[in-house]
Amino acid sequence: MQFGRLTKSAKIWKMLRVSFRSVPRRFKKNARRASVRLARLRAVLWQKLYIARSRLLVWRLRHGPVAAAILLLVLTGISAYWIPALQGILEPSFATEARLALLRSLFLTLGGALIGAAAIVSSLVLFAMQVNIERMPHGLFRRLSADLRLLSAFAATFLLAVAITGLSLVQEPKHVGVVVFAAFWGTAIVLGLFLYGYRRALILVNPARQLGMVVRRTQRELRAWASRAKRAAPLLSDSRQALQTDPQVSQHDLTRTAYFQVNRGWTDGAEQSVRYAVSFARRYAEQGDHEVSALAMSAIIGINRAYLETKGRTFFGYQLMFDNPLTSDGFINNTLEHLRQTARIGVARGDEQQIEQTLQAMAELVWVYLAIDYASPHASKTHAHLAAGYLTGEVERILPHNMPDVLMEGVRMMGRCADMLLAAEGPQGITTLVQKIGIISCAGVAREDYWPVTSTGVEQLARLSFDLLRTKSREINFVAREIRSSMALIAKLFMALPNAPLMGVHSTYLAPYYSATSAQGLTMRFSQLVNAVADAPADDVNARQVIDNFVEWAEGMYQTEKDLLLHAIEKRSQFTFDIIHWITAVTSMLIVLSNAAACDAHRQQELRKHAAWLIAVLSWVPDDEEAVKFVEHFQMTETLFEAAVDAHRRDCPELADDIGTMLLSWTFKAGRYQTGWAILQRSVYGLATLALLADDAAAVTRLKADIIARVAAGNLPDKKVRDLAALEIRGRATSLYHKGHWSSEIERGMARSDHGKMRPLLEEIADLISPETKGQAARHGFL
């Protein structure tokens with residue numbers, strides 16, 4: 001009992017000790033949680049404070065002057081209620097004529113001082129405006145020098161100063177309260193007007209504010225012209241109902257067109273504003289202030305946007321075999337010419353920032369002009385193409401001047417313009433830009449500094465290829481061929497350059513299009529799109545459109561890829577690896593698309609046909625020993641085997657048989673040489689694995705018959721090669737059981753096959769290759 005009592009008390013004491021130990025831990029845990037919550041709360045409060053401050057600054061910027069004027073009026077009105085009290089306080093102090101004379105003297109002195117101050121301040125402001133005349137065009141200086149707000153502030157200041165001086169004429173003490181009230185607020189308003197005049201002068205000499213005023217003034221003028229045209233419409237139109245109901249009649253706003261034709265000077269103000277903005281851009285870029293020059297380019301964009309809104313549906317697109325004088329737009333032509341000249345000035349001065357800003361303005365104008373309503377859904381985006389042509393021309397003219405960074409940015413802008421035209425007009429709208437991007441990208445061949453330009457151009461072409469597959473427009477085949485032709489030209493010219501073994505120049509700079517391993521490569525984007533289509537339901541319209549685009553995109557692809565593969569092998573370029581794996585990756589994607597639920601039987605047949613033609617490109621590898629060694633360095637045998645297994649796994653038995661036939665041809669084409677890669681043995685292992693994978697006795701029979709026929713035809717003339725391969729194959733047949741990780745897909749396939757069938761099949765194939773060594777085997781070391 002005593003022992004039991006001690007045991008029980010020991011347990012209680014142990015529990016107390018554990019509970020006492022857990023209290024500090026629990027306290028620390030709760031304190032840590034409280035600290036985290038407090039930090040979060042503090043962060044939330046700071047974020048709310050930042051948001052409130054930002055909103056307050058925006059409100060002040062928009063409504064600050066109006067709010068200040070309202071506050072001044074409210075304070076003046078409220079303080080007027082205290083005039084009687086002020087009169088009661090001051091009247092006894094100025095009851096005598098001598099005291100009143102002192103008050104008159106004060107007002108006279110104060111008024112005179114304010115008049116002098118008004119004169120001095122106005123002179124200083126005018127002097128500041130004159131000093132800044134070199135920073136603005138002459139016409140704009142005249143406009144800003146006659147700023148109505150500033151002159152009104154000076155006039156009000158002078159009049160208030162005169163009024164305060166006039167308060168010295170007070171005659172009776174009973175008006176002292178009113179006079180003092182008026183003098184106080186008059187002086188306060190004068191000081192406020194001084195401050196307003198100073199701030200207004202800063203605004204007038206600030207180039208950013210000047211540009212803003214130019215844009216706003218132009219917008220007001222253009223809106224006024226739009227209103228005038230709308231009011232004059234009944235005078236110029238005799239068939240408004242016909243224009244609205246008859247589908248055969250043009251949907252252009254003909255009344256507004258006629259009004260603008262009559263009033264040809266309606267764009268003079270807008271053109272002058274564009275000249276002002278261009279002058280700002282050039283002057284400040286020359287001074288090194290590219291921030292202001294960028295604002296000037298933005299002002300040009302804003303003026304053009306306002307011009308388009310005013311002109312409305314009065315634009316006419318280019319029509320084949322029909323010359324319409326209204327197609328050309330003088331304002332747009334002048335704007336683009338100003339930008340072209342600005343770019344030339346930047347090139348002459350070597351000012352890369354000015355050139356990039358000008359090119360950026362041209363690219364933004366492409367986006368602005370795409371919004372033009374030509375009153376027809378099928379009209380060509382004439383003016384957007386015109387702006388894109390100016391952009392392309394200026395980028396091409398930069399080529400001789402060794403400005404790779406500017407060229408790269410220009411090519412990117414051309415790619416973005418092509419994207420916009422593709423979305424707005426369809427594939428036919430980007431043909432010229434695709435060709436120009438391809439030509440400019442070839443500049444990397446001329447000098448090493450331009451290699452990044454080539455990579456940028458390849459990146460743009462890759463993105464356009466991907467965008468073609470997502471477009472809802474039809475007939476992408478022509479543009480897809482143009483992109484492939486451009487890529488083939490770039491690749492062939494680039495492969496003429498020496499390729500450092502460790503750098504892989506060809507593969508590196510062509511990677512955006514052809515790399516099958518890069519996360520940013522075209523095949524990675526394709527795989528994401530293909531997976532999305534494969535998961536789409538059968539009635540998904542977008543998935544069907546993507547499948548149709550893939551069918552058109554893949555048509556004739558094998559011709560370009562065959563030429564590139566043979567050229568890469570001829571040049572012994574590391575790019576061979578990329579083109580081989582690109583071909584197999586695209587083939588696999590075409591097979592996946594053919595199995596999608598949204599793919600009908602006809603499209604499935606077309607996709608598999610294109611896949612078969614594309615993978616057949618690998619059969620064109622030359623059969624000389626050096627070419628075979630070089631290609632096998634990039635695992636051609638493994639690649640063909642993997643492609644056949646992939647086709648079989650995706651339920652494409654016919655394509656799998658075709659690839660298996662290609663592997664058989666490769667076995668005898670490359671296996672005749674002692675390359676050190678054991679091509680003949682590895683190919684036999686792959687063929688046997690594929691035959692057993694088909695789970696068809698006829699496949700095994702066909703394989704044996706093909707091998708017998710090819711051996712009899714003398715496709716393996718070297719007896720030593722045959723005997724050595726047969727010995728290796730028999731040795732491998734005796735050691736099929738192996739556990740572990742395989743680096744070879746062929747070995748992995750053999751390990752997973754039915755070994756009871758694999759062993760005799762390998763022995764029979766070895767006997768067919770070398771009957772003389774039948775029954776002999778080499779000790780095998782795993783590949």
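Conventions used here
- Residues numbered from 1 in each chain as written.
- Predicted model: local features only at pLDDT ≥ 70, side-chain atom pairs only at ≥ 80, totals over all residues.
- Heavy atoms only, no water.
- Helix = DSSP H or I, 4+ residues; strand = E, 2+ residues; numbered from the N terminus.
- Contact = heavy atoms within 4.5 Å.
- Areas by Shrake-Rupley, 256 points an atom, 1.4 Å probe, with all protein chains shown as cover.
- Axes fitted to C-alpha atoms, helices over the stretch in contact; angles between N-to-C directions.
- Parallel < 35°, antiparallel > 145°, perpendicular 65-115°, else oblique.
- Left-handed = near helix turned anticlockwise from the far one by under 90°.
- Salt bridge = Lys/Arg side-chain N within 4 Å of Asp/Glu carboxyl O.
- Buried < 20%, exposed > 50% of the residue type's maximum accessible area, 1.4 Å probe, protein only.
- Expected span 1.5 Å × (residues − 1).
- Phe/Tyr/Trp six-rings, centres within 6.5 Å; stacked < 30°, edge-to-face > 60°.
- Core = buried A, V, L, I, M, F, W, Y, C linked by side-chain atoms within 4.5 Å.
- Bend = angle between axes of the 7 residues up to and from the residue.
- Polar contact = N/O pair within 3.5 Å; in protein donor to acceptor, adjacent residues only side chain to side chain.
- pLDDT = per-residue confidence, 0-100.
- Nonpolar A, V, L, I, M, F, W, Y, C, P; charged D, E, K, R; others polar.
- Patch = residues over 30% accessible without salt bridge, like charges linked within 9 Å, V, L, I, M, F, W, Y side chains within 5 Å.
- Lys, Arg positive; Asp, Glu negative; His and termini not counted.
- Charge placed at Lys NZ, Arg CZ, Asp CG, Glu CD.

## Quick look at the overall build of the protein
- Looking only at helices and strands, one finds 32 helices and zero strands in the protein.
- Considering only residue pairs separated by 6 or more positions, the protein has 76% of its internal contacts joining residues 24 or more positions apart.
- For the protein, the exposed surface amounts to about 40600 Å²; the carbon and sulfur share of it is 58%.

## A look at the packing of helix α10 (residues 268-286) against helix α11 (residues 290-311)
- At their nearest, the axes of α10 and α11 sit 7 Å apart, and the two run at 165° to each other. What the angle tells us is that α10 and α11 run roughly antiparallel. For the crossing formed where α10 meets α11, the hand is left-handed. Judged by residue contacts, A270, S273, V274, A277, V278, F280, A281, Y284 and A285 of α10 engage H290, V292, S293, A296, M297, A299, I300 and I303 from α11.

## Things to note about the pattern of salt bridges
- Per the stated rule, a full pass over the model turns up 26 salt bridges.
- The residue D329 makes a salt bridge to K311 at a minimum N-O spacing of 2.4 Å. Placement of D329 in the loop between α11 and α12 (330-349) and of K311 in helix α11 is noted, with a sequence separation of 18 residues between them. For the pair D329 and K311, one class covers both residues: buried.
- Put simply, R474, D548, D600 and R603 are held in one network by salt bridges that share partners.

## Looking at unusual backbone geometry
- One non-glycine residue with positive phi stands out, namely N402, at about 55°.
- Among the secondary structure elements, N402 is positioned in the loop between α14 (382-397) and α15 (404-425).
- For A678, which is not glycine, the phi dihedral falls at a positive 55°.
- Mapped onto the secondary structure, A678 falls in the loop between α27 (653-670) and α28 (679-693).

## A word on helix α22 (residues 557-570)
- Look at α22: 20 Å from first C-alpha to last across 14 residues, which is about the 20 Å you get at 1.5 Å a residue.
- For α22, the set of buried residues is M557, T560, E561, L564, L565, H567, A568 and I569.
- Of the surrounding elements, those touching the buried residues of α22 are α18 (477-494), α19 (505-514), α21 (541-554), α23 (575-594), α24 (601-615) and α25 (625-632).
- Directly beyond the C-terminal end of α22, a positive phi value near 55° is found at R572.

## Examining the packing of aromatic side chains
- The full count for this structure, using the stated rule, is 23 aromatic pairs.
- Measuring from centroid to centroid gives 5.9 Å for Y513 and W582, while their planes differ by 25°, and the two rings are stacked. One end of the pair, Y513, is in helix α19; the other, W582, is in helix α23, and 69 residues separate them in sequence.
- For W582, a relative accessible area of 0% corresponds to the buried category.

## Description of the nonpolar core
- By size, the foremost hydrophobic cluster in this structure holds 178 residues, and its most contacted members are F550, W553, W666 and L762.
- When sequence neighbours within four positions are dropped, the list of residues in contact with L762 reads V684, Y685, A688, I729, A733, L736 and M750.
- Membership of the second largest hydrophobic core comes to nine residues, among which are L90, F107, V179 and A183.

## Section: helix α7 (residues 207-236)
- Compared with the 44 Å implied by 1.5 Å per residue over 30 residues, the 42 Å span of α7 between its first and last C-alpha is a close match.
- Taken as a whole, α7 carries its principal kink of about 30° at K230; the proline P234 stands between one and four residues after it.
- Near the N-terminus of α7, the side chain that reaches the backbone nitrogen of A208, with its oxygen 3.2 Å away, is that of N206.

## Considering the environment of T517
- By the secondary structure assignment, T517 is in the loop between α19 and α20 (522-534).
- Accessibility expressed as a relative area gives 62% for T517, which makes it exposed.
- Residues T517 and D578 lie 61 residues apart in sequence; the distance between their C-alpha atoms is 8.6 Å.

## Quick word on the confidence of the model for the protein
- Considering every residue of the protein, the mean pLDDT works out to 85; 89% of them sit at 70 or more.
- Averaged pLDDT values over the elements of the protein bottom out at 44 in helix α8 (residues 240-245) and peak at 96 in helix α13 (residues 352-369).
- Residue range residues 1-6 is modelled with pLDDT below 50. Its contacts to residues more than four positions away, or to other chains, number zero contacts.
- The low-confidence segment residues 239-249 (pLDDT under 50) makes eight contacts with residues lying over four places distant or belonging to another chain.

## Details of the packing of α11 against α12
- At a minimum axis separation of 11 Å, α11 and α12 run at an interaxial angle of 170°. Regarding the angle of α11 to α12, the classification is roughly antiparallel. Contacts between α11 and α12 involve M297, I300, I303, N304, Y307 and L308 from the first element and F331, I332, T335, L339 and T342 from the second.
- When its residues are assigned to classes, the contact of α11 with α12 shows eight nonpolar, three polar and no charged.

## Re a nonpolar patch on the surface
- A surface patch of nonpolar side chains, about 670 Å² in accessible area, is lined by V66, I70, V74, I78, Y81 and W82.
- Mapped onto the secondary structure, Y81 falls in the loop between α1 (2-79) and α2 (83-90).

## Thoughts on a positive patch on the surface
- Where like charges cluster on the molecular surface, the positive patch consists of R60, R149, R199, R209, R216, R220 and R223.
- Sort the elements by how many residues they give to the positive patch and α7 lands first, with four residues.
- Positionally, R223 belongs in helix α7.

## Describing the environment of I440
- Its place among the elements puts I440 in helix α16 (residues 431-441).
- Among the residues examined, I440 registers a relative accessible area of 0% and is labelled buried.
- Those residues within four positions of I440 in sequence are excluded, and the remaining contacts are V395, E396, L399, L407, V411, M414 and V453.

## Focus on the side chain of T187
- Mapped onto the elements, T187 comes out in helix α6 (residues 176-205).
- Ignoring sequence-local partners within four residues, the contact set of T187 consists of L110, L114 and I164.

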